[in-house]
Amino acid sequence: MNIRILFIALFSVGCFAQQKSKIVIDANQFYGSIALHNNSIAHLISAHPAGLILSYNKKTFGNEAWEQLYNYPDLGYSFIYQDMNNSTLGKNYGAYAHYNFYFFKRNVQLRVGQGIAYTTNPYDKVTNFRNNAYGSDILSSTYAMVNYHKENIYKGLGFKAGLTLVHYSNANFKAPNTSTNTIALNAGLTYDLDGGEKLPYKTITDTTNYNQPIHLNVAFRGGVNESDVIGLGQSPFYILSAYSDKRIGRKSGFQLGADVFFSKFLKELITYNSIAFPEKNVDANDDYKRVGVFVGHELYINKMSVVTQLGYYVYYPFDFEGRMYNRMGLKRYFGDKMFAAITLKSHAAKAEAVEFGVGIRF
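Just so it is clear, the model here is predicted, and its values are computed rather than measured.

A. Spotlight on the overall build of the chain. For the chain, the helix and strand inventory stands at three helices and 16 strands. Taken over C-alpha atoms, the radius of gyration comes to 22 Å for the chain, in line with the 21 Å a tight globule of 362 residues would show. Each principal axis of the C-alpha distribution contributes one length, and for the chain these read about 70 × 55 × 30 Å. Among the 362 residues that make up the chain, the fraction classed as buried is 49%.

B. Representation of a nonpolar patch on the surface. Taken together, the side chains of Ile 25, Tyr 56, Tyr 77, Tyr 148, Ile 153, Tyr 154, Leu 157, Phe 159, Leu 189, Tyr 191 and Leu 193 make up a nonpolar region of the molecular surface, amounting to roughly 1100 Å² of accessible area. Sorting the residues of the nonpolar patch by element identifies β6 (138-154), β7 (157-169) and β8 (180-192) as the ones contributing at least two each. Sort the elements by how many residues they give to the nonpolar patch and β6 lands first, with three residues. Classification of Tyr 56 as partly exposed rests on a relative accessible area of 37%.

C. How the structure looks around the sheet that holds strand β5 (residues 108-119). The antiparallel closed barrel is built from eight strands, whose spatial order is β1-β2-β3-β4-β5-β6-β7-β8. For this sheet, the mean angle separating the axes of adjacent strands, direction not counted, is 25°. Across 12 bridges, β7 lies against β8 in antiparallel orientation. Its bridge partner lying in β8, Lys 160 is registered against Gly 188.

D. Examining the nonpolar core more closely. Ile 80, Leu 89, Tyr 134, Tyr 143 and Tyr 168 are the most contacted members of the largest nonpolar core, which totals 18 residues. Of all the secondary structure elements, the ones that give two or more residues to this core are β1 (23-34), β6 and β7. The dominant element in this core, judged by the number of residues it contributes, is β6, at three residues. Apart from the residues within four sequence positions on either side, Tyr 143 is in contact with Ile 53, Ser 55, Ser 78, Ile 80, Tyr 96, His 98, Arg 111, Val 112, Gly 113, Thr 164, Leu 165 and Val 166. Counting residues in hydrophobic clusters, the runner-up holds 13 residues, among them Ala 219, Ile 239, Phe 294 and Tyr 333.

E. Region of interest: the confidence of the model for the chain. When pLDDT is averaged across the chain, the result is 92; 94% of the residues are at 70 or more. Counting contacts from residues 1-19, a segment whose pLDDT is below 50, to residues more than four positions away or on other chains yields 56 contacts.

F. Representation of unusual backbone geometry. Here Ala 175 and Pro 176 are connected by a cis peptide whose omega angle stands at 0°. For Pro 176, the location among the structural elements is in the loop between β7 and β8. The phi torsion at Asn 172 lies on the positive side, around 60°, for a residue other than glycine. For Asn 172, the position within the fold is in the loop between β7 and β8. Not every positive phi belongs to a glycine, and Glu 321 is a case in point at roughly 65°. Examined against the element boundaries, Glu 321 turns out to sit in the loop between β13 (304-315) and β14 (324-334). Relative accessible area serves as the criterion here: at 38%, Glu 321 is assigned to the partly exposed category.

G. Summary view of the pattern of salt bridges. Following the criterion strictly, the structure yields 14 salt bridges and no others. When the shortest N-O distance is used, the salt bridge between Arg 361 and Asp 245 registers 2.7 Å. With Arg 361 in strand β16 (residues 350-361) and Asp 245 in strand β10 (residues 235-247), this pair connects stretches of sequence that are 116 residues apart. Assigned by exposure class, Arg 361 and Asp 245 land together as buried. Note that Arg 327 is salt-bridged to Asp 259, the shortest N-O span being 3.2 Å. Of this pair, Arg 327 sits in strand β14 while Asp 259 sits in strand β11 (residues 252-263), and the two are 68 residues apart along the sequence. Accessibility assignment for this pair places Arg 327 and Asp 259 in one class, buried. By sharing partners, the salt bridges in this structure join Lys 22, Asp 192 and Asp 194 into a single network.

H. Just the sheet that holds strand β12 (residues 290-300), in detail. In spatial order, the strands read β9-β10-β11-β12-β13-β14-β15-β16; together these eight strands close into a barrel with antiparallel pairing. Mean inter-strand twist for the sheet, computed between neighbouring axes without regard to direction, equals 25°. Two elements, strand β15 (residues 338-347) and β16, share 10 bridges in a ladder whose sense is antiparallel. In the sheet register, Ala 340 faces β16, and the bridge partner there is Val 358. On the sheet, helix α3 (residues 264-276) packs against β9 (215-225), β10, β11, β12 and β16 and is oriented at approximately 45° with respect to β11.

Conventions and cut-offs
Position numbers for residues start from 1 in each chain and track the written sequence from start to end. At least 70 in pLDDT is required for a residue's local features to be given in this predicted model, at least 80 for side-chain atom pairs to be given and counted, and no such filter applies to totals for whole chains, interfaces and linings, which use all residues. Derived side-chain values reflect all non-hydrogen atoms in the structure, with water molecules and hydrogen atoms excluded from consideration. Numbered from the N terminus, helices here are DSSP runs of H or I no shorter than four residues, and strands are runs of E no shorter than two. Our radius of gyration is a C-alpha quantity, and the globule rule it is checked against amounts to 2.2 Å times the number of residues to the power 0.38. Residue exposure (1.4 Å probe, protein chains only): buried if accessible area is under 20% of the type maximum, exposed if over 50%, otherwise partly exposed. Here, patches come from residues exposed beyond 30% relative accessible area and free of salt bridges, joined within 9 Å for like charges and within 5 Å for nonpolar side chains (Val, Leu, Ile, Met, Phe, Trp, Tyr). Methods summary: accessible areas were calculated by the Shrake-Rupley approach with a probe of 1.4 Å, and residue burial reflects only the protein chains presented. Salt bridges are identified by distance alone: a Lys or Arg side-chain nitrogen within 4 Å of an Asp or Glu carboxyl oxygen. Being paired, for any two strands, means DSSP has found at least two bridges between them. Here an angle of 0 to 180 degrees is reported between the N-to-C directions of two axes, which are lines fitted to C-alpha atoms, with helices fitted over the stretch in contact. For this analysis, a nonpolar core means a set of buried residues of the types Ala, Val, Leu, Ile, Met, Phe, Trp, Tyr and Cys, connected via side-chain atoms within 4.5 Å. Residue contacts are counted whenever heavy atoms from the two residues lie within 4.5 Å of one another. For every residue, the predictor assigns a confidence score, pLDDT, that lies between 0 and 100.

Dropping the structure here:
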């Protein structure tokens, strides 16, 4: 699971390859509830989780054209401590890379963070069999905050308050993986390390023509995951993708392509179902491979982009979570042709795997 650290490293390279700028730190307390997104975790919702969010934010002022385009966002790191106030779930400690985006004259801040978390009390078939939310001690975690945000009220000191959503899941790296979503109220203080010194925002005229011809992309993705049946074991998976893309402007591009999935966990699941559930009429020799076609969108930021795709299996010999699938994640470009990506592949809200990929754009 240490490979998940690559997610933060990939994100951070794109975030902090900037000129020196203003630093603002903030601390927030939060208190909330676990959302009942799945009836199987109802027994885990017995108290109100609470915690602390500490953040380091590097402000941008338009040294690069993309900063102006996105209204001069912040780039940062954050740490979350969360006490689930439930002896079965334990406590979580998370490290994240994040973006802060600003709206309404910079009085409203939207933060989106992605990282990894350590949980103190994961599932154990003997000592903690009731924890069907976290199957491993290392989890993938995403959080979002929407805050009223007012910096530099007095000598660099400011205030923020709003709503926070914190998600923990291992994306079926190991079963069980029902996951949790905490919805909380938060409030805290911000502090400008320069004492509130004001810096001007720069305006850059970008004359680049981003309307590009159609390009062909080839990508290889892989990782490890497990079915929802506890004890079947983890298996590697491999995905070959080919797609065309068309960039239509500074922010957007569209994709059309196909995936071929080699998911070994399905092979084990097919064998298991053929033996354990004969009424399902599953043949142990059913093919575990799948082929899908997809459409997608790419949101370009700097060298980073956010990828979203919606797919449909055209070759689907074994029924697993339905024919529709979706993918969302981050891509990092290295030059004009090479890229790396970390994406989450799901069936609606049901995660199948975290995919680590590399590719080339012709």
